[in-house]
Each structure stands twice: as C-alpha cells, then as structure tokens.
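Structural features, examined
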Amino acid sequence: MAKPHRITTSATDPTHQLPAPFRDWFVDRGWTLRPHQLDMIDKAKAGADVLLVAPTGGGKTLAGFLPSLLQLAERGPRKGRKILHTLYISPLKALAVDVERNLLTPVRDMDLPILVESRTGDTGQARRQRQRTSPPDILLTTPEQLALFCAWKGARDYFQDLECVIIDEIHAIHGSKRGDLLSLGLARLRTFAPGVRCVGLSATVEDPARVRRWLSDRGDDIVLGQAGASPRLEVLLSQNRVPWAGHTAQHAMAEVYETIKTARTTLVFVNTRWQAEFAFQELWRLNDDNLPIALHHGSLSAEQRRKVEAAMSRHELRAVVCTSTLDLGIDWGAVDLVIQLAAPKGASRLVQRIGRANHRLDEASRAILVPASRFEMLECQAAAEAVAENALDGDPPRIGARDVLAQHVMGCACSEPFDLVDLYEEVRRAAPYAGLSWEAFEQVVDFVSTGGYALRNYDRFRRIIRGPDGRWRVLNEETARRHRMNVGVIVTAQTLNIRLAGRRGAGRKIGQAEEWYFEQLTPGDSFLFAGEIWRFEGVRATDAIVTRSNDKQPKVPSWGGSRFALSTFLARRVRRMISDQASWSRLPPDVCEWLFAQQSHSSIPGEKDLLVETFRRGKRHYMVCYPFEGRLAHATLAMLITRRLDRAGVGPIGYLANDYALCVWSLRPMDSLDFDALFQQDMLGDDLEAWLDESFMVRRAFKECALISGLIERRMPGHEKNGRQVTFSADLIYDTLRRHDPDHLLLSCAREDAARGLLDLARLGEFLTRISGRIGVERLAHVSPFAVPLLMEIGKERAPGTTAADMMLEDAALIDEAMS
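Bear in mind that the values here come from a model prediction, so they are computed numbers and not experimental data. (Residues numbered from 1 in each chain as written. Predicted model: local features only at pLDDT ≥ 70, side-chain atom pairs only at ≥ 80, totals over all residues. Heavy atoms only, no water.)

The subject of this paragraph is unusual backbone geometry. The backbone phi angle of Ala-249 is positive, close to 60 degrees, even though this residue is not glycine. Considering the arrangement of structural elements, one finds Ala-249 in the loop between strand 10 (232-235) and helix 10 (253-262). In this structure Ala-249 comes out as buried when scored by relative accessible area, which is 1%. We note that Phe-628 has phi near 55 degrees; this positive angle belongs to a residue other than glycine. (Helix = DSSP H or I, 4+ residues; strand = E, 2+ residues; numbered from the N terminus. Buried < 20%, exposed > 50% of the residue type's maximum accessible area, 1.4 Å probe, protein only.)

Another aspect to go through is the sheet that holds strand 26 (residues 662-666). If you walk across this open sheet you meet the five strands as 25-26-24-23-29, and the pairing is mixed. Each edge of the open sheet is held by one strand with a lone partner, namely strand 25 (652-657) and strand 29 (775-779). Between one strand axis and the next, the sheet turns through 15 degrees on average, direction left out of account. Of the strands in this sheet, strand 24 (620-625), strand 25 and strand 26 are in contact with helix 22 (residues 631-647), which crosses strand 25 at around 165 degrees. (Pairing = 2+ DSSP bridges. Axes fitted to C-alpha atoms, helices over the stretch in contact; angles between N-to-C directions. Contact = heavy atoms within 4.5 Å.)

Below, the discussion takes up the nonpolar core. The biggest cluster of nonpolar side chains holds 121 residues, and the ones touching the most others in it are Leu-87, Ile-167, Val-409, Phe-441, Ile-641 and Phe-679. Beyond its immediate stretch of four places on either side in the chain, Leu-87 contacts Leu-139, Thr-141, Leu-146, Phe-149, Phe-159, Leu-162, Cys-164, Val-165, Ile-166 and Leu-189. Counting residues in hydrophobic clusters, the runner-up holds 65 residues, among them Leu-570, Val-574, Ile-578 and Val-788. (Core = buried A, V, L, I, M, F, W, Y, C linked by side-chain atoms within 4.5 Å.)

This part is about the side chain of Arg-212. Inspection of the secondary structure puts Arg-212 in helix 9 (residues 208-215). Among buried charged residues, Arg-212 stands out as having no salt bridge; its nearest opposite-charge side chain is Asp-221, 4.3 Å away. Within the structure, Arg-212 has its side chain in polar contact with the backbone oxygen of Arg-218 (distance 2.4 Å). Those residues within four positions of Arg-212 in sequence are excluded, and the remaining contacts are Asp-49, Val-50, Leu-51, Arg-218, Gly-219, Asp-220, Asp-221 and Ile-222. (Lys, Arg positive; Asp, Glu negative; His and termini not counted. Salt bridge = Lys/Arg side-chain N within 4 Å of Asp/Glu carboxyl O. Polar contact = N/O pair within 3.5 Å; in protein donor to acceptor, adjacent residues only side chain to side chain.)

Bringing the environment of Ala-541 into the picture now. Mapped onto the secondary structure, Ala-541 falls in the loop between strand 21 (532-540) and strand 22 (543-548). Residue classification places Ala-541 among the buried residues on the basis of a relative accessible area of 16%. On a C-alpha basis, the gap between Ala-541 and Leu-496 in space is 8.6 Å, while along the polypeptide they are 45 residues apart.

Before going further, it helps to spend a moment on helix 22. The end-to-end C-alpha distance of helix 22 is 25 Å, a good match for the 24 Å that 17 residues give at a rise of 1.5 Å each. Of all 17 residues that make up helix 22, 13 are buried, and the element is covered over most of its length. At the exit of helix 22 stands Gly-649, carrying a positive phi of roughly 85 degrees. (Expected span 1.5 Å × (residues − 1).)

It is worth spelling out helix 25 (residues 697-709) at this point. Taking 1.5 Å of rise per residue, the 13 residues of helix 25 would be expected to cover 18 Å, and the 18 Å separating its terminal C-alpha atoms lies within 8% of that figure. The element helix 25 is extensively covered by neighbouring structure, given that eleven of its 13 residues are classed as buried. Of the residues flanking the end of helix 25, it is Gly-710, one or two places downstream, whose phi is positive at about 90 degrees.

With respect to topology, seven strands assemble into an open sheet ordered 5-6-4-7-8-3-9, the strand pairing being parallel. Taken across any chain shown, the strands that pair with only one partner, and hence form the sheet edges, are strand 5 (116-118) and strand 9 (221-224). For this sheet the average axis-to-axis angle between neighbouring strands, irrespective of direction, equals 15 degrees. Here helix 2 (residues 35-45) sits on the sheet and contacts strand 3 (50-53), strand 8 (197-202) and strand 9; the angle it forms with strand 9, its principal contact strand, is near 160 degrees. Across the sheet, helix 5 (residues 125-133) touches strand 5 and strand 6 (138-141), and the angle it forms with strand 5 is around 130 degrees.

With that out of the way, let us pick up the packing of aromatic side chains. The geometry of two aromatic rings is summed up by the distance between their centres and the angle between their planes. By the definition in use, this model includes 26 aromatic pairs. With a centroid separation of 6.4 Å and an interplanar angle of 85 degrees, the aromatic rings of Phe-26 and Trp-31 are classed as edge-to-face. The class for Phe-26 is buried, based on a relative accessible area of 0%. Centre to centre, the rings of Tyr-622 and Trp-665 are 6.3 Å apart; their planes meet at 45 degrees, and the pair counts as tilted. Here the residue Tyr-622 occupies a position in strand 24, and Trp-665 occupies one in strand 26, the gap between them amounting to 43 residues. (Phe/Tyr/Trp six-rings, centres within 6.5 Å; stacked < 30°, edge-to-face > 60°.)

A separate point is the side chain of Arg-178. Relative to the helices and strands, Arg-178 is located in helix 8 (residues 177-192). Reaching out from Arg-178, the side chain makes a polar contact with the backbone oxygen of Pro-91 at a distance of 3.1 Å. What Arg-178 contacts, discounting residues up to four positions off in sequence, is Pro-91, Pro-143, Glu-144, Ile-173, Val-489 and Ile-490.

When the pLDDT values of the protein are averaged, the result is 85; 90% of them are 70 or greater. Contacts of residues 1-9 to residues separated by more than four positions or lying in other chains number 36 contacts, the stretch itself having pLDDT below 50. Residue range residues 557-562 is modelled with pLDDT below 50. Its contacts to residues more than four positions away, or to other chains, number 22 contacts. (pLDDT = per-residue confidence, 0-100.)

The next point concerns the environment of Ala-229. Secondary-structure assignment places Ala-229 in the loop between strand 9 and strand 10. On a C-alpha basis, the gap between Ala-229 and Ser-365 in space is 7.8 Å, while along the polypeptide they are 136 residues apart.

Here's what the structure looks like:
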C-alpha cells in the first residue's frame, strides 16, 4: 500500500482531525494526511459515490480504505450477527492478496478490532465456507467472485448491511466484458444495500467523468490527487544503429543487461509471452555475474508466479522479465527501474508500468524505453512525449455485451426468483446497459430460458422457468450448481493441433499453435511451421488441417509482434511526428537519415493522409500503404484489399500487416489501379460479409460467447471438458444456428465481438472516412526506405535451406537499394 506524505506534523495538520489511534499511528511514522485522503473521508461521511484519480505512490489504496477503517474502529468489537462492511474488488488475485497483507499492517499496529480477509480462486474451500456464514469486516476479492456471490442463495441477506464497495485499478476493468459483469454486480449490490457507497481508484484515467458514470449513477463526485514527481523517462539509443525491423530489441540486450547491473531491482516489461521467454533467455546468456533474474507471465503455473512474487517481496531478485501480469499496483519498494522492451503501444499502459518503479509520489520513477526497430523508435518517442505532457489514451465507450448479461440473469435466478420488470430496471442502472431496450432484455431472458428459437426443443438448454407467481427461477439445484462452476468472462486462449489431412479426416500431428495464428488464414493459404511450408485446408474441431505446399515462400508469414495493437491516441501522435519535419531533430541520427531518405525517394504522408507506394522487385509487384492504425485494423484491411484485387484480376499472392503499415504483393502490376476506388468504405459491406462467411474468426468468437453466456459449460460436476470437446460442441451449435436461426442472439454477439476485438472495424471505418480524397500514390522504380522493414519481415520466413547469411545479404541489398 502506498505511503502518505512524510513531513513534520503541526497543530494545523489535518492528521490531527483523526481519532487518537490513527493520529498517533501517522505521527509515529512522520506522516500526514494528503488532501485527497482527507477529501475521501469527507465524501464518505456524506455517503457519496466517488472516483479517486491519484498518481501511483499517492496513497490511493489507503485513501479508499481509511473511511472504512475509521467507521469500523468507532463501531468497536463485533457483537451478534457478523456482517460484511466493505467489499474490495481487484482485477488481479495477486493484488488482492498484496493489499490484504498491507492493510493488516495498520490494523495490527493499532490493534483495531477489524477482521480482514481475501477470497480468490486460490482460497481454500474451508475458508470459503466460513466466510459465507461468518464474513469478515473487510473482504478483498475479484470481479469473478462477486458474480459468484450474486448467484448464491441468500445473497440478499449476506449483502444487505454492506456499507462500501472499493474497486481498485478501475481503468483496467471498466472497458471490457469483465467491466460489464462487474457493473451488473454493482447494480445488484445497490439493490440489496441501497445505501452502499461505491469507490473507484486509479492512477491512469483519461476521461474521469466517463469512468465515474460507469461506477455509479448517483452524482458526479471526483477527487483528484496532487501530481507527483515527473518520471525520468529516456529512450535507449544503442551503440548499434537502430534496426530497420524486428520485435525483440536483441540488438540492445547487452546494454539492457549492463543497465540492470546499475539498479537495485528492475522490472523488464514486454508485450507478449513469447517476447518474455526470448528476453529472459538472452539475459541469462549474458549473465556472467550470476544475477538473480526471474520470469513472470500468464503461461507459468500459479505456484511459479507466487514464488517470483514472494522473492520480489523479500528483495531477493535483481530483475524480473514480465508481461502485463505485473502491470498493476503490487507495491515492491525495492524496484527502482522499469525497462520497456519494444514499443509500449499505449501511453496509459506505459504510465502504469513506469509507476512500478519507486512507487512513491515524491520521488521520480525511472524508466527506459528500448525500441526494437525504426518505426518503434517513432512510437517510443511519441509515447515519451505523451507521458511528459500527462496525456493519456483510454478505452472508447462501450455498450454492454449481451452474452455477459445472459450470465448475470442466470446468476440472479440461481440466487432468488426475480420479477422481469424489476430486474430490467436494475440492469439499466449499470452504465454499459443504460440504453438496453425492453425487447433486447426480453430476448436475453428468453435465450436463458430456452436457448433461443432453434434450440427451444432441447431440454438441456432450458435453464430457468417462470413460476405461477410470474417470477423467474432456476430450473433446479443441479442447473444452479453448474452455473456457479462456470461463472466469469475470462476465456483462456486455445491451441489447435496442426495435422496432415488424412483419408478419413485428420492425420499425423505436426505440432500445435494458438488459434489466433489461424484467424488470418483462409483455406488455400500457405504458411511456415516447423521449417516447412504448408497449405491451410481449414479447421475441424480443435485441428488445423494442412497439406504440403509447393510454394517456395508462404503467403502469410508469421509475425512475432505485440499482443497489443497500437492505440488510436498514440498512432495519431506518430503520424503527427512523421509529418512534422521540425520534430525529427529529436530522433537519433540514423532514424533522421531514414526519414529524409523517404522524403527524397518517395514522400512523407500528412497527418490525415494515406501514402500508397507501388514498385517492382524481382518478379513481384508490391503495394505498400502506411495507415498507422494498428495491427488489427491493418490485418482486416489487407484481407479485404486482397479480395478486391482478386476481382480486379491482379491475383495477389501474399500480404503482411503490422502496427504501422501493410504490404500486398502479386505477380501482376498494380500501378494502374484506381486507389480511391480500392479504399472506398463499401469494402466494409459485401466484401466484409463474404470474407466473414469464409473465415474462422466469427466461429471462434461464437465459442467464447457460448461459454460466457452459459450455453456451453466447460466445467461439470466431477469433470471438465477439454478444448476439443468445447470446440466440437460450439461448432455443432454454430452450424445449426446459421442454418436455422441466423438472427440468434449469440450469432449477433459473436459478430459484434469479432468486429470489435478481432477486426477493429470501428477504427477501420474511421480511417476510411479520414483518407477519402487524401490518398497520395507514389509509383516508384524501387523499394522505398519506409517499405524496407516490411520486406525484411517477409524475408524472415524462408523456404528450408535458406541460411542466415543469405538473409543478411538480402537485407543489406534491400537497404542499399532503398538508400541509393
């Protein structure tokens, strides 16, 4: 828990307004209340719902809990019926446990008669049972556990005396399906305990008013903490020149290691688990000093992650290579340096990670950005300048997902019978569902009751029934038990087996790859795996079926890029930096040289323009464009463009998309194309629908919606379905609904999810509108400096037998050609 302000106290110090035990506790430590902590006490006395936005290290968590501690201390020892006073909700189990440990310090030091406990998925069964009959004063938990609470019998009695709900790191929850589920849970708690106070805590909120409205529909109270010391943020300029392409920052790993040696404890953040494994191995290869360096990411076992966290708490590690698993506010005081390997993809994410260093408001956090390529250098510089200006990016407003609402409706029925009108009014108090129509709500309830039009004749989809009193209730206790076993909206990424096509279906297994890899493929595409090139035939259940390909190079190369797409906010700043020649002086000399060469040999796009280049190299003809709109939007755009080029007779044979640009290549020229027509917005109509009908994306989104809504249950009493069984069940239902009920609720949900999470259609639509009439075309004699990184990425996937030396010679030839 972050510390209050340390200063010499005086009679006018607001700390003296506290009761004696609290005042003495602060004074003994030389601390005083910060203004926002005092404001939170006053807001609590007024019974207000409030959002607190304060920098990391500003004592947010203590500010959130202090009113509850004061109230509970004044109440004295518990007598009679045990009641829950404060519910704390964290997006991470580890954070809830960390806060429990820190919160117990003042409770023990002041000998307060307050019981504090945590409850997560790792909590033992005996402790869970005791917490149901004898709750603690303060319970620390997660959004999933709250959803489970709401599905309990007796939930209304359990929460009727609840005084306060605290939501920590609210920015990490509200703009997602977890946020939808939590918002519905909060609306439920306000029904059980109408006077409950809702408190939100965050260090990085771009639009406080919007997040405050998500927190509660009562009032608009926002408390802003004082600004902390500005971070010391620098971009590492390696002694080697900034690479033209790449995602690993391997060129700078020796300097990263030397920097780690100068710090007490370093968190080395990366954006993917693959990058984490790579960076960890590189650091160990360089670790001649035998520094204790650890690894932390979501694929590691919970036991292994806990060991790393415990070692960090004991100050036993010099560095931890980690992903977003350590983004949020665990307080490790020994951390004095944060290194971001490769580009951060968002200013808010970068601020959150920087805050892990020092974790004290009055001391500057030190952080170093290590770009992996020249485009990433632009992004890192833009991110550093955004942080210096305290400019953040945020999630766009979202409409609540109906598959999540279906899960919540089922949970309410498991808890107690409900009246349809009353529940509708309650649901609309949750901000994501404020605009929900009565017809849409009835459709969700009908889905929970029958499975929908095409499934209503199957008893296994009948989960709730309407009684003679007009109220809806769960079908039976067995159905309720299965629901409680499957609560939550986090769907673990599945892998597919890559198998050779056999006479009777799937044949010999070649290996495994994550589902997302095959989302970019359509039947007939070729790709590289295990050193060989394969033709993708399709997906059957949990198998990706392939045959051997005669292609000398794959159509769709794999790309080891970021799991996060470049944020809209940061993309706009990158475009502005590129178009403003005066800003180039802030960049390294070799990157400046690259930009001037691009300006000389091709052109530099304006901030709102699209640059399209065409050129021939060898037997291939290339079209490269630079939207700077993020990986998801570019991948979708590339897929739609290739369909249009097919119809135009160009015959595209491959494409590649990253966060900054996309490239399509063919055996026929593309110079004479009408590019204004090629980039018309109507590609988001029939072209999109036709492609979605062929793609795997909607099918995958449907499986996730089916799991979240409860139509398919992964966990059953006594056993758990494996990935193959879940996918098989989802595919059967998906095919049935497409044939017999194309307007089914879950098909609609799946398309919405694909449009938002897998395709980024909203961003793509805004891009197509922005560039209308602003497309600049450069018909070049050879590759441009900007295009080199993409062609180098294509070159990373070679047919078997190509040596590293061959690839280095090809890269050198590309650079010479572009810079000549």
